[in-house]
Amino acid sequence: MDFNALILFMVFSAVLSYLVSKSNIKLGAYSTILFSLISLIILFLGRNNIGNEFSLLYMNFRVTAIGWYFSLIMILIYSMTAFFNPYWMEKILYPSSYNFLYLFSLAATVGLFFAADLITLFIFWEVVVWSSTFIVPLGKSRKAAVVYFTISSIGSMATLFAIMFVYSKSGTFDINEAFKFLASEPLTATFVFFTFITAGLTKIGIFPFHIWLPLAHGNAPHTFSPVLSGGLVKMGAFIAYLSVGILPAYKAFSTSMTIMGIPFQIYLLMVLGAISIVVGTLMAIKQDDVKKLIAYSSVANGGYILIGILMMDQVTFAGSLMHIFNHAIASAAAFLTIAAIAHRTKTTKISELGGMIHKMPVSYVVYLISIISLAGIPPMGGFVSKWLIVQGLASKGLIFIAFAAFFGSIGSFLYVFRPLAGLFLGQLAPKYENIKPSTLVMKIPMVILASMSVFFGIFPKYLLETIGEIQTSIGIDPIMINGDTITTINGVLNTNKVAAIFGFGFVISLMIFLVLPKSRKVGLMDTYTSAEFIYTPELYHYANSFYAPFERLYKNHPSVEKFLGKFAVKTEELGILVNSLFFSHKPSVTVLWVMAIATLIFLGGVDI
Amino acid sequence: MNIMNFIYAFLLLVFVFLFQTSITGINRKVMARLQRRRGPKWYQQFIDIFKAMSKSSTTHGWIFDFGVIMALGGIMATTILIPIGPFKAFADVDNIFIVSYLLAVGMLGMAMSASGSGNPWASIGVSRALTNMLAYDVPFMVLIVSFIYAFKTSSLSGFAALQQGAGILGWNFFRFPLGGIVALICLQGMLGKKPFDSFIAPAEIASGPMVEYGGRHLGMLFLLHEFSTFIEVSIIVHIFFGGGATPLEFMVKYALLYTFMNIISGVFPRFKIDQAVKFYYKVPLALAFIQGLIIIFTGLGVS
Amino acid sequence: MTNPVLLIVVPLLLAFLSVALKNNKKQLLFIAAVFNVVGVFIIENGSYVIGGFRAPYGINLNLDAYSHLAVLVINILFLLIITMSNEKTKEFSTVLLVALAGLNGMLLTGDLFNLFVFLEIVSITGYILSTESKKYKYSFNYLILGTIGSGLYLFGLIILYAIFGSLNMADISFKMLSYDTGKLVVPIFLMFIGLAVEAKLIPFNGWVRGVYGNANSLIGSLFASVYAGTILFVFGRVFGQVLVLSEYLVAVFVAIGVITLIAGEVAAFSKNKIREILLFSSIAQSGLVALLFVTGLIFPTVLQLLNNIITKAVMFTIAGKISDDADTDEADKLKGIFANNKIIGVSFTVSALSLIGLPLFYGFYSKINLLLGLFSKINYFVAAFILLATIIEGAYFIRLLVKLWTPGEEGKESNIKFVTDRKVEFDFNKKVIAFMLSLIILLAGISPSLVKTNLFAMNKLLNEENPSYMFELKGGM
């Protein structure tokens with residue numbers, strides 16, 4: 001099936017889903033599953049479309065390998081998350097519009113990845129932004145939508161400026177052609193590079209644009225947070241790729257000053273990526289709301305992705321592309337488990353939960369696998385991608401960036417463990433004694449995503465071969481993968497072997513466990529209490545400020561939120577000033593202005 | 001990868017268990033002498049482990065058991081990756097990042113199990129342990145990155161091979177003294193020895209991560225502790241002390257280094273957890289950066 | 001050839017008639033509006049002499065591409081607005097008829113003094129209409145400023161007349177080409193102030209807040225859409241095509257435009273009342289349109305102007321109706337008001353998004369065109385300011401929309417139980433027309449080639465290469 005038909009199908013499926021929802025809400029929600037799965041299949045089977053060009057209305061499309069890869073991730077996340085939609089239909093204020101916007105934003109993302117010209121790119125970019133903006137306030141915060149939209153439009157306006165600027169110089173909007181002239185103009189290229197990539201930075205949530213992620217991801221409807229975090233954030237990575245891959249950044253900056261071998265323009269952004277990792281990690285560590293915690297972890301992971309993409313080389317870039325996939329599925333799965341829990345318990349606060357493992361074991365296992373993958377622990381997919389990124393950084397000797405990378409990955413142990421301990425483990429509050437496990441339909445996507453994390457951790461070649469083709473298609477050396485052995489100049493990784501060894505170790509350990517004397521099962525309250533008598537499980541649960549000694553170290557940190565809050569207040573004050581200067585209800589003020597200006601003209605204007 | 005590899009791996013595990021547990025026993029003795037006690041017998045550690053394993057125990061649910069199994073499994077898997085001198089159970093898996101991340105599986109498993117007990121004291125202990133990890137691992141990894149950049153390898157045996165043949169002064173510890181100091185400080189943190197042992201704090205804090213364990217769980221965690229000690233010390237021996245051209249050479253270096261770290265531990269008081277973090281992010285991290293910059297920009301000591 | 005003077009004469013005639021036929025005032029207004037809309041499609045381009053003297057000595061009407069488009073849009077919008085607020089027109093039918101005549105006169109006239117006369121007529125109708133709110137202080141304010149403005153315009157015009165001996169637009173324009181424009185700063189600036197008062201440019205717009213902020217659905221949308229549209233079309237005529245501006249003046253006018261744009265957006269950002277947000281947005285848009293006209297961009301500016309007045313017609317009608325029925329237009333007190341008025345809500349949303357310039361809506365097309373125009377003229381800073389303004393605009397419109405659509409407390413999921421208990425009932429006319437307009441906005445956004453071909457088919461000269469109509473008709477000379 002041709003992809004122009006795919007895009008049309010996706011747009012019409014959005015409308016159709018709206019109409020179906022109008023007659024039957026549940027059916028409409030199921031239709032989102034159906035339509036997104038059909039789109040997924042069409043896209044997956046339509047790989048031979050790569051290289052095709054087509055147009056719809058005034059928009060032009062070109063199917064590229066990397067666009068196909070991004071679209072696949074996006075539709076995968078959307079279709080998996082769609083399984084949760086039916087359970088939220090009664091809770092959402094505008095269910096039909098939700099279903100419409102859900103599928104419509106999906107269609108727009110696919111259009112974005114296949115854009116052949118910059119205007120098409122921008123159109124779909126903005127469409128995704130506004131269509132998702134209207135879903136966010138259906139959740140817990142109205143402010144979140146405004147912040148999300150504002151930050152996004154800061155990025156998109158900067159990018160629009162770059163697009164127009166490039167057009168005025170090169171006379172074309174074609175993505176492949178428009179940037180070519182920059183190769184010989186380093187100064188202009190620097191300007192275009194920074195303005196064009198801004199939209200990407202805002203979307204990935206790179207410092208200082210990261211503040212919308214915890215707000216929007218944390219407060220969006222539970223069924224949309226996975227899409228925001230797993231899916232839409234990746235659009236930013238695509239823009240970042242265009243900024244270094246299509247915009248000939250390295251060629252243009254070849255005469256620039258370099259820092260540790262990297263042109264300073266690119267290094268600067270890598271530093272921003274590194275700051276995002278550190279800030280995201282530190283903030284994630286102190287969150288009580290799991291959704292905000294995972295949102296901040298998306299900030300940190302966005303830092304890795306940006307750094308990898310900016311390197312534009314054999315290893316790190318491949319790692320970054322793989323990390324895009326791994327992070328998408330892992331963070332979506334993590335958000336889905338939280339949604340499953342919130343579906344039963346109506347809260348996402350760690351301090352209000354505990355012991356969920358005894359009620360929702362499947363959610364627990366899925367969450368565990370996902371966060372292990374997010375933290376980059378073998379044998380999950382996230383390990384392979386982080387390994388590649390770290391190897392790439394080491395091979396260039398970028399120790400400051402590498403510092404952030406390690407801080408982020410070890411810090412991630414801290415923050416992924418916090419919900420694990422506070423939400424899933426520990427004491428089960430009596431009020432949750434009778435809750436039911438998640439439904440079967442909810443389990444489907446969770447299990448699929450978790451098994452993908454494991455599968456691509458053990459057999460990364462299925463992913464890395466595709467990535468290698470992408471690398472070839474954009475003219476950089478493909479990642480070397482032979483069987484399941486990944487080879488970089490500094491080392492090799494055979495994931496099969498690592499998984500086998502892990503399995504071996506686990507089996508031995510299991511055998512040791514089994515041959516030893518059996519143990520007696522006791523309740524959770526039957527524990528050592530320093531001779532106190534405790535009868536309230538809620539009180540005997542450690543979940544508040546989990547890393548208190550560590551959090552104390554940076555409790556007075558400066559924050560972008562506070563700064564922007566002040567900025568908003570200043571803007572409003574400026575508005576009030578403008579009001580009193582120009583828009584007073586007293587005619588005399590305006591007359592004074594008119595007279596003052598008229599006098600000025602008479603005095604000085606004549607000779608000019 | 002064939003069946004022989006797994007047999008070797010199993011033998012390696014057995015060997016490491018015997019070796020490390022004996023060394024631990026000896027070190028208990030050394031420590032006692034340092035504190036002017038007589039100390040236990042050198043095989044006391046074996047007795048402790050087997051005794052714990054043979055006792056009955058209680059469990060707090062499947063995650064309590066599963067966590068322990070996962071922890072020991074992960075750590076044993078990591079142990080298999082470690083070369084002993086030239087001997088390796090599997091080829092091409094002793095990559096430092098694989099080792100350090102796979103090590104984390106074990107840590108996570110143990111943390112999960114501890115929290116799964118439902119005892120908040122265990123969770124508090126875990127939170128300390130993880131914070132500690134954030135402190136010591138980062139400076140060490142920064143150092144490792146500059147080494148990888150300099151030597152174009154990231155495998156433990158690769159690092160060791162590059163140092164062999166030039167005598168003691170060929171060891172990275174002497175070629176990169178700043179880095180060597182950082183590595184030893186970090187090793188002390190990894191081992192959880194004083195002054196960085198506040199997450200276990202065996203003498204003062206009655207309840208830490210291990211509070212709920214007894215019987216087979218505790219026995220397995222003892223095992224886990226031996227294996228993880230072996231992994232951590234071995235990493236440093238390989239990267240900074242030239243590994244071993246023969247297994248024996250490696251074992252000697254290993255024993256000396258471990259004893260040395262223990263003796264240091266014996267004479268130090270203890271940092272609070274936030275003090276430890278502050279310390280690691282001031283001194284070792286700065287030193288690691290300085291060493292890294294020296295390596296990257298001047299190449300001093302590399303060739 | 002059908003004479004466009006009918007567009008002025010017929011409403012005026014009906015206005016006199018309406019004094020006599022008091023009971024049928026409403027119908028007369030409707031007839032006049034429909035007549036004008038039909039008439040617009042019949043009239044043909046050309047110069048029409050009024051009174052027998054040939055231009056430049058006599059008075060003429062200029063119906064060229066530009067003014068044809070202007071009368072088309074203004075008359076259609078006028079009809080739509082009075083239909084939307086049908087229930088409110090009775091009281092002001094006569095005034096509205098006069099206004100219709102005046103507005104058409106302003107757009108059609110080819111004579112700068114005639115323009116002044118029509119401007120005065122329109123202003124007077126404006127003063128009268130503004131009294132509907134019973135806030136006489138604000139009407140008085142408007143009256144004073146309007147009078148000073150037109151006085152200054154006349155003053156400037158007299159100086160020009162003294163220099164060139166002509167009031168005909170084309171004539172003056174030709175004569176200015178060979179004149180040292182640096183010496184014309186004073187008269188042009190005075191005329192600028194005169195028009196700027198009506199066009200709401202900073203700092204001459206003190207009246208706007210009181211008048212727009214209290215207008216009902218009819219008056220508000222008329223002011224923001226028809227009046228503002230007309231005055232901006234005229235502004236574009238006078239300052240974009242007729243008068244030749246020196247570089248110094250262009251710089252000053254652009255600066256005033258930019259300040260108006262940014263200050264308007266910032267002021268709107270600090271507001272909570274729907275109508276105040278809209279009025280400050282109107283001010284900002286006026287600044288934008290004025291500065292674009294001054295830089296010599298005609299086609300994209302007209303696109304942007306259309307975007308502004310069409311969307312404002314919808315939004316002001318809705319905002320006025322809300323405040324009429326709910327006794328307040330504070331967004332915080334109207335949370336979730338659209339939950340019970342979905343069609344109106346969708347229309348309002350589409351209009352707002354189009355005004356921000358988001359893709360798939362017509363506003364995006366005009367925004368892209370104006371940016372292209374500015375970039376082709378290397379006006380990077382102005383473009384940057386426009387994009388900055390867009391960010392602020394997006395922030396407050398989305399904030400408003402989110403409040404009006406999704407009620408809820410922070411930290412709690414949006415729920416129907418948070419919807420305000422104030423009730424607003426929209427009648428059939430408003431729903432249909434607002435929805436129709438938003439459909440047009442949507443359609444024009446999805447397929448802008450429709451707009452473009454239609455605009456070009458009717459007005460093939462409306463593009464960059466022929467910035468001035470003068471070269472086609474030569475002002476009828």
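Residues numbered from 1 in each chain as written. Chains lettered and ligands numbered in written order. Predicted model: local features only at pLDDT ≥ 70, side-chain atom pairs only at ≥ 80, totals over all residues.

Asker: Go over the overall build of chain A with me, naming the residues and quoting the values.
Answerer: Of the regular secondary structure elements, chain A holds 23 helices and eight strands. Computed over C-alpha atoms, the radius of gyration of chain A comes to 26 Å, within 12% of the 25 Å expected from 2.2 N^0.38 for 608 residues, which places it in the range of a compact globule. Principal-axis analysis of the C-alpha atoms places the extent of chain A at approximately 105 × 65 × 55 Å. Counting every position in chain A, which comprises 608 residues, the buried fraction comes to 63%. A separation of at least 24 residues holds for 79% of the contacts in chain A among residues at least 6 apart in sequence. (Helix = DSSP H or I, 4+ residues; strand = E, 2+ residues; numbered from the N terminus. Rg over C-alpha atoms; globule rule 2.2 N^0.38 Å. Buried ≥ 20, exposed ≤ 12 C-beta atoms within 10 Å, placed from the backbone. Contact = placed C-beta atoms within 7 Å.)

Asker: An account of the overall build of chain B is needed here, citing residue identities and associated values.
Answerer: Helix and strand content of chain B: 11 helices and one strand. Listed by position from the N terminus, the elements making up chain B come as α-α-β-α-α-α-α-α-α-α-α-α. Computed over the C-alpha atoms, the radius of gyration of chain B is 19 Å, within 12% of the 19 Å expected from 2.2 N^0.38 for a compact globule of 303 residues. Projecting the C-alpha coordinates of chain B onto the three principal axes gives extents of approximately 55 × 45 × 40 Å. Across chain B, the fraction of contacts at a sequence separation of at least 24, relative to all contacts at a separation of at least 6, is 79%.

Asker: Account for the sheet that holds strand E6 (residues 485-488) of chain A, with residues named and values stated.
Answerer: Residue and element names in this part refer to chain A. Taken together, the three strands give an open sheet; going across it, the order is E5-E6-E7, and neighbouring strands pair in antiparallel fashion. Looking along the sheet, the strands with just one partner apiece sit at the ends: strand E5 (480-482) and strand E7 (491-494). In this sheet, adjacent strand axes meet at a mean angle of 20° when their direction is disregarded. Alignment of E5 against E6, held across three bridges, turns out to be antiparallel. When the bridges of E6 are listed, Met480 appears paired with Thr487. (Pairing = 2+ DSSP bridges. Axes fitted to C-alpha atoms, helices over the stretch in contact; angles between N-to-C directions.)

Asker: So, the domain arrangement of chain A: which residues are in play, and what are the values?
Answerer: For interface size, the figure often reported is the accessible area lost on association. Residue and element names in this part refer to chain A. As assigned here, chain A comprises domain 1 (1-114), domain 2 (115-503) and domain 3 (562-605). When each unit is reduced to the centre of its C-alpha atoms, the spacing between domain 1 and domain 2 is 21 Å. With 35 residues of domain 1 at the interface, the matching set in domain 2 holds 44 residues. Elements with a contribution of two residues or more to the side of domain 1 that touches domain 2: strand E2 (59-62), helix H3 (65-82) and helix H4 (95-113). A per-element tally of the side of domain 1 that touches domain 2 places H3 first, with 10 residues. Split by residue class, the side of domain 1 that touches domain 2 holds 26 nonpolar, seven polar and two charged. (Domains from an automatic or database assignment. Nonpolar A, V, L, I, M, F, W, Y, C, P; charged D, E, K, R; others polar.)

Asker: How would you explain the packing of helix H14 (residues 315-345) of chain A against helix H16 (residues 381-396) of chain A if you had to name every residue and give the values?
Answerer: Residues and elements named next belong to chain A. Where H14 contacts H16, the axes come no closer than 8 Å and their chain directions differ by 150°. The angle between the axes of H14 and H16 places the two elements in the roughly antiparallel class. Crossing angle aside, the handedness with which H14 passes H16 is left-handed. In this structure, H14 contributes Val315, Thr316, Ala318, Gly319, Ser320, Met322, His323, Asn326 and Ala330 to the contact, and H16 contributes Gly381, Gly382, Val384, Ser385, Lys386, Leu388, Ile389, Gln391, Gly392, Leu393 and Ser395. When grouped by side-chain class, the residues that make up the contact of H14 with H16 number eight nonpolar, 11 polar and one charged. (Parallel < 35°, antiparallel > 145°, perpendicular 65-115°, else oblique. Left-handed = near helix turned anticlockwise from the far one by under 90°.)

Asker: Explain the interface of chain A and chain B to me, and be specific about the residues and the numbers.
Answerer: The partner chain B presents 77 residues to the 66 residues of chain A that form the contact. Those elements that place two or more of their residues in the side of chain A that touches chain B are H16, helix H17 (399-424), E7, helix H20 (495-515), strand E8 (519-521) and helix H21 (548-553) of chain A. At 13 residues, the largest contribution of residues to the side of chain A that touches chain B is made by H20 of chain A. Of the residues that constitute the side of chain A that touches chain B, the class distribution is 45 nonpolar, 17 polar and four charged. Strand direction decides the pairing type here: E8 of chain A and strand E1 (residues 57-59) of chain B, joined by three bridges, are parallel. Bridging across to E1 of chain B, Ser519 of chain A finds its partner in Ser57 of chain B.

Asker: Break down the interface of chain C and chain A for me, with residues and values.
Answerer: Facing 61 residues of chain C, the contacting portion of chain A comprises 54 residues. Looking at the side of chain C that touches chain A, the elements that each hand over two or more residues are helix H6 (136-164), helix H8 (185-199), helix H9 (206-213), helix H11 (247-269), helix H15 (362-376), helix H16 (380-405) and helix H18 (448-458) of chain C. Broken down by element, the residue count for the side of chain C that touches chain A peaks at 11 residues, all from H16 of chain C. Tallied by class, residues from the side of chain C that touches chain A come to 38 nonpolar, 16 polar and seven charged.

Asker: Tell me about the arrangement of the chains, and please be specific about residues and values.
Answerer: The interface with the highest contact count, out of two pairs of chains in contact, is the one between chains A and B. Taking C-alpha atoms as the reference, chain B and chain C come no closer than 28 Å and do not contact one another.

Asker: For helix H2 (residues 44-54) of chain B, give the residues involved together with the corresponding values.
Answerer: All names here are of chain B. For H2, the set of buried residues is Gln45, Ile49, Ala52 and Met53. Buried residues of H2, viewed axially, fall in a sector of 100°; they line one side. Away from its buried face, by an angle of more than 90 degrees, H2 presents the exposed residues Ile47, Phe50 and Ser54. Tucked inside the fold, the buried residues of H2 contact helix H1 (3-34) and helix H9 (215-240). (Arc of directions from axis to C-beta.)

Asker: I'd like to hear about H11 of chain C, residue by residue, with values.
Answerer: Taking 1.5 Å per residue, 23 residues should reach 33 Å; H11 of chain C reaches 33 Å between its end C-alpha atoms and fits that length. Counting buried residues along H11 of chain C, 17 of its 23 residues qualify, which places the element largely inside the surrounding structure. (Expected span 1.5 Å × (residues − 1).)

Asker: Report on unusual backbone geometry, specifying residues and quantitative values.
Answerer: Most peptide bonds adopt trans geometry, and most residues besides glycine take a negative phi value. For the bond from Phe207 of chain A to Pro208 of chain A, the omega torsion is 0°, close enough to zero to count as cis. Tracing the backbone shows Pro208 of chain A in the loop between helix H8 (186-204) and helix H9 (212-219). Positioned with a positive phi, Asp92 of chain B is a non-glycine residue whose angle comes to about 65°. With respect to the helices and strands, the residue Asp92 of chain B is situated in the loop between helix H3 (62-81) and helix H4 (96-116). Given 17 C-beta atoms within 10 Å, Asp92 of chain B falls into the partly exposed group.

Asker: Talk me through the packing of helix H2 (residues 25-45) of chain A against H4 of chain A; I want residue IDs and the actual numbers.
Answerer: Residue and element names in this part refer to chain A. Interhelical geometry of H2 versus H4 gives an angle of 10° and a closest axis separation of 9 Å. Between H2 and H4, the angle is such that the two are roughly parallel. Each of Ile25, Gly28, Ala29, Thr32, Phe35 and Ser36 in H2 lies in contact with H4, whose residues at this interface are Pro95, Ser96, Asn99, Tyr102, Leu103 and Leu106. Partitioned by chemical class, the residues of the contact of H2 with H4 number seven nonpolar, five polar and no charged.

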